[in-house]
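# Architecture and fold: a report
Now for the letters of each chain:
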Amino acid sequence: MDNIKTVNVVGVGLLDEEFDLNSLATSLPENVRYEPEMHPGLYLRIEDHRPLIIIYGTGKFIITGAKSEDEVYHTRDEGTRILSEVTSHPLDLKQFELCNYVLSGDLGTELDLSTITVGLGLERTEYNPETISAVLYTPEQANCTVMIFRSGKVNIVGESSRERSEQAFQELKNKVRSLLAEE
């Protein structure tokens, strides 16, 4: 029942330079996609199957798709190095933070979502099976949303700390165990 893993770590940062994304798109040697009519950011993937860096003209960037903090930091450093080479001068990182963890877990049992909604408290849950096939639960001790599926699988999104995400999973697991024991 303690099966939980990190599926995405998101980091956001700001470089000390603004970019002409059209020029940058033609200068970068890596996997690049820039379609300004679809999205204002330039998509840079340093290696296949690695995290994606989304770069904006303001110098802001987002790294998504990392499986660990180390992978986010490696991608940030490698992306900054590549951009420094393309612009022919060193770029400085003005700010950077990890802002969102997405964890996936399994409670190990099928659930009656209506019962779970009532048992966890209507003030902390939202369940509308016509729009989403999961209960949205807001734990007391974390700043995240937990999506609870009938299969017992859960996704935890929105927390800026892996530890607090894991605590949210533990809190949910304990409450679900109590609810199942009452049945």
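Attention here is on the structure that accompanies the text. Counting from 1, residues in each chain are numbered in the order their sequence is written. Residue-level local features of this predicted model are given only where pLDDT is at least 70; pairs of side-chain atoms are given and counted only at 80 or more, and the full residue set underlies all totals for whole chains, interfaces and linings. Heavy atoms from the whole structure form the basis of all side-chain values; hydrogens and water molecules are not counted.

### Observations concerning the side chain of Ser165
- Residue position: Ser165 is located in helix α4 (residues 162-182).
- With relative accessibility at 0%, the residue Ser165 sits in the buried group.
- Among all residues touching Ser165, those that are not within four sequence positions of it are Tyr101, Leu103, Ile156 and Glu159. Each helix is a run of H or I in the DSSP string that is no shorter than four residues. Each strand is a run of E no shorter than two, and both are numbered from the N terminus. Under the scheme applied here, a residue whose accessible area is under 20% of the maximum for its type counts as buried, over 50% as exposed, and between as partly exposed, the area being computed with a 1.4 Å probe on protein chains only. Here, residues are in contact when the closest pair of their heavy atoms is within 4.5 Å.

### What about the environment of Asn128?
- Mapping Asn128 onto the fold places it in the loop between β7 (125-126) and β8 (134-137).
- It is 9.6 Å that separates the C-alpha atoms of Asn128 and Ser114, two residues lying 14 residues apart in sequence.

### Remarks on the side chain of Thr80
- Positionally, Thr80 belongs in helix α2 (residues 69-87).
- Overall, the relative accessible area of 14% leaves Thr80 in the buried class.
- The contacts of Thr80, once residues within four sequence positions are left out, are Leu15 and Leu91.

### Description of the packing of helix α3 (residues 113-120) against α4
- Between α3 and α4, whose axes approach to 10 Å, the crossing angle comes to 110°. Here α3 lies roughly perpendicular to α4, going by the angle between them. Across the interface between the two elements, Ile116, Gly119 and Leu120 from α3 touch Leu172, Lys175, Val176 and Leu179 from α4.
- Classifying every residue of the contact of α3 with α4 gives five nonpolar, one polar and one charged. Note on method: axes are straight lines fitted to C-alpha atoms, helices fitted across the in-contact stretch only, with angles between N-to-C directions ranging 0 to 180 degrees. Working rule for angles: under 35 degrees goes down as roughly parallel, over 145 as roughly antiparallel, 65 to 115 as roughly perpendicular, anything else as oblique. Residues are grouped as follows: Ala, Val, Leu, Ile, Met, Phe, Trp, Tyr, Cys and Pro are nonpolar; Asp, Glu, Lys and Arg are charged; all remaining types, including Gly, are polar.

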